[in-house]
Amino acid sequence: MKYSINFVLLLFIQCVIFVNGYFITVDPHSEECFFDKAEAGTKLGLMFETVEGGFLDIEVRISGPDRKVIYQGEKESSGKYTFSAYETGAYHYCFSNKMSTLTPKVVMFSMEIGEAPKGTVGAVNEGEAGHIKLEDMIRELSGTLTSIKHEQDYMHVRDRIHRSINESTNSRVVLWSFFEAIVLIVMTVGQVYYLKRFFEVKRVV
């Protein structure tokens, strides 16, 4: 029993998907690029969210080892793009803020890199088949847990963005209401003063 538990834990550790998560600041008229090496057939997934800056938009580009553009998007606030490596090499993903003249952008992104595909093997016995099936189940569970973690990170960022928008809107409404109250008071005082002067002039005449 102890051996089986250790075997399952070892398989789980080996099957955990490699994930990098970062927060970066992309200055105006600049571009930030990153790369990860992957073998042909490996599944990769890029998830990003523009957290701060301007209209919360960014330009995204993913290119392969031969500089072939796999995906390109303009003025995107968030997204998730999954693809399979078509050849072994470095896959680049860039975030561009060249369309902005003054505002830097803060971007959260993560890159999922799945396990490299294994070569085909000959027939396996029943024990090895059971281990392979267990390994596949653990790999599927690991991928599901990773997706849940990314969804939690995404919801946390969205909550922070919405909270910031709500607080900003609330402060602007309060300031506008205060400004309107001051304007009404000034107008009331001005009208009273004008009417008082008008009747004083009539009485003197």
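Within any chain, residue numbers begin from 1 and follow the written order of that chain's sequence. Thresholds applied to this predicted model are a pLDDT of at least 70 for local features of residues and 80 or more for the giving and counting of side-chain atom pairs; totals over whole chains, interfaces and linings are not thresholded and use all residues. Hydrogens and waters are ignored; side-chain quantities use all the structure's heavy atoms.

**Considerations on the overall build of the chain**
Operational definition: Each helix is a run of H or I in the DSSP string that is no shorter than four residues. Each strand is a run of E no shorter than two, and both are numbered from the N terminus. For every residue, the accessible area obtained with a 1.4 Å probe (protein chains only) is divided by the maximum for its type, and the residue is called buried under 20%, exposed over 50%, and partly exposed between those limits. Note on contacts: a residue pair is in contact if any heavy atoms of the two residues lie within 4.5 Å. Here the accessible surface of atoms and residues is derived via Shrake-Rupley with a 1.4 Å probe, and residues count as covered only by protein chains that are part of the display.
The number of helices and strands found in the chain is two helices and eight strands. Shown N-terminal to C-terminal, the secondary structure of the chain runs as helices and strands in the order α-β-β-β-β-β-β-β-β-α. Taken across its 205 residues, the chain has 27% of its residues classed as buried. In the chain, once contacts between residues fewer than 6 apart in sequence are set aside, the share between residues at least 24 apart is 78%. Accessible surface, the chain: about 14,200 Å² in total, of which carbon and sulfur atoms supply 61%.

**Quick word on the sheet that holds strand E7 (residues 89-96)**
Test applied: A pair of strands is treated as paired once DSSP finds two or more bridges between them. Only the stretch in contact is used when fitting a helix axis, every axis being a line fitted to C-alpha atoms; angles between N-to-C directions are given from 0 to 180 degrees.
Across the sheet, four strands lie side by side as E2-E7-E4-E5; this open sheet has antiparallel pairing. Two strands in the sheet have a free side with no partner beyond their single neighbour: strand E2 (31-38) and strand E5 (69-76). Shown here is a sheet whose adjacent strand axes are inclined to one another by a mean of 10 degrees, direction ignored. By the bridge criterion, eight bridges tie E2 to E7 in an arrangement that is antiparallel. Bridging from a neighbouring strand, alanine 38 pairs with glycine 89 of E7.

**Structural notes on the pattern of salt bridges**
Stated precisely, the cut-off is as follows: One speaks of a salt bridge when a side-chain nitrogen belonging to Lys or Arg is within 4 Å of a carboxyl oxygen belonging to Asp or Glu.
Enumeration over the complete set of coordinates arrives at three salt bridges. When the shortest N-O distance is used, the salt bridge between aspartate 57 and lysine 105 registers 2.9 Å. You can see aspartate 57 sitting in the loop between strand E3 (43-52) and strand E4 (58-63) and its partner lysine 105 sitting in strand E8 (residues 105-113), a full 48 residues away along the chain. A residue is classified by how much of its surface remains accessible, and lysine 105, at 3% relative accessible area, is buried.

**A closer look at the environment of histidine 150**
With respect to the helices and strands, the residue histidine 150 is situated in helix H2 (residues 126-204). Since its relative accessible area comes to 2%, histidine 150 is described here as buried. Residues histidine 150 and serine 110 lie 40 residues apart in sequence; the distance between their C-alpha atoms is 8.4 Å.

**A short note on the nonpolar core**
Here is a general trend for soluble globular proteins: nonpolar side chains tend to be buried in one another's company. Just so we agree on the cut-off: The term nonpolar core refers to a set of buried residues drawn from Ala, Val, Leu, Ile, Met, Phe, Trp, Tyr and Cys, joined through side-chain atoms within 4.5 Å.
Counting 18 residues, the largest nonpolar core has Leu46 and Phe95 as the members making the most contacts within it. Secondary-structure elements contributing two or more residues to this core are strand E1 (18-26), E3, E4, E7 and E8. Ranked by residue count, the leading element in this core is E8, at four residues. Among all residues touching leucine 46, those that are not within four sequence positions of it are Val60, Ile62, Gly79, Lys80, Tyr81, Tyr93, Phe95, Phe109, Ser110 and Met111.

**Topic: the state of the cysteines**
Just so we agree on the cut-off: Note on terminology: disulfide denotes any pair of cysteine sulfur atoms within 2.5 Å.
According to the stated counting rule, one finds one disulfide in the structure shown. Covalently, cysteine 33 is tied to cysteine 94 through a disulfide, its sulfur atoms 2.1 Å apart. An S-S torsion of about 115 degrees defines the bridge between cysteine 33 and cysteine 94 as right-handed. Of this pair, cysteine 33 sits in strand E2 while cysteine 94 sits in strand E7, placing them 61 residues apart in sequence. When its relative accessible area of 4% is taken as the criterion, cysteine 94 is described as buried.

**Quick notes on the packing of aromatic side chains**
Here is the rule we go by: Here the aromatic set is Phe, Tyr and Trp, taking the six-membered ring for Trp, and pairing holds for ring centres within 6.5 Å; pairs whose planes are under 30 degrees apart are stacked, those over 60 apart are edge-to-face, and all others are tilted. Ring-over charges, as used throughout, are those where CZ of Arg or NZ of Lys falls within 6 Å of the ring centre and within 35 degrees of the ring normal.
Scanning all chains against the criterion turns up ten aromatic pairs. Seen from their ring centres, tyrosine 86 and tyrosine 91 are 5.8 Å apart, and the 85 degrees between their planes marks the pair as edge-to-face. Here tyrosine 86 falls in the partly exposed class, since its relative accessible area comes to 37%. Each ring, one from tryptophan 176 and one from phenylalanine 179, has its centre 5.5 Å from the other, and the planes form 35 degrees; the classification is tilted. Placement of both tryptophan 176 and phenylalanine 179 in helix H2 is noted, with a separation of three residues, approximately one turn of the helix. Among the aromatic residues, those joined into a ring-pair cluster are Phe34, Phe48, Tyr93, Phe95 and Phe109. Positioned above the aromatic ring of tyrosine 86 is the side chain of lysine 68, whose terminal nitrogen or guanidinium carbon lies 5.8 Å from the ring centre.

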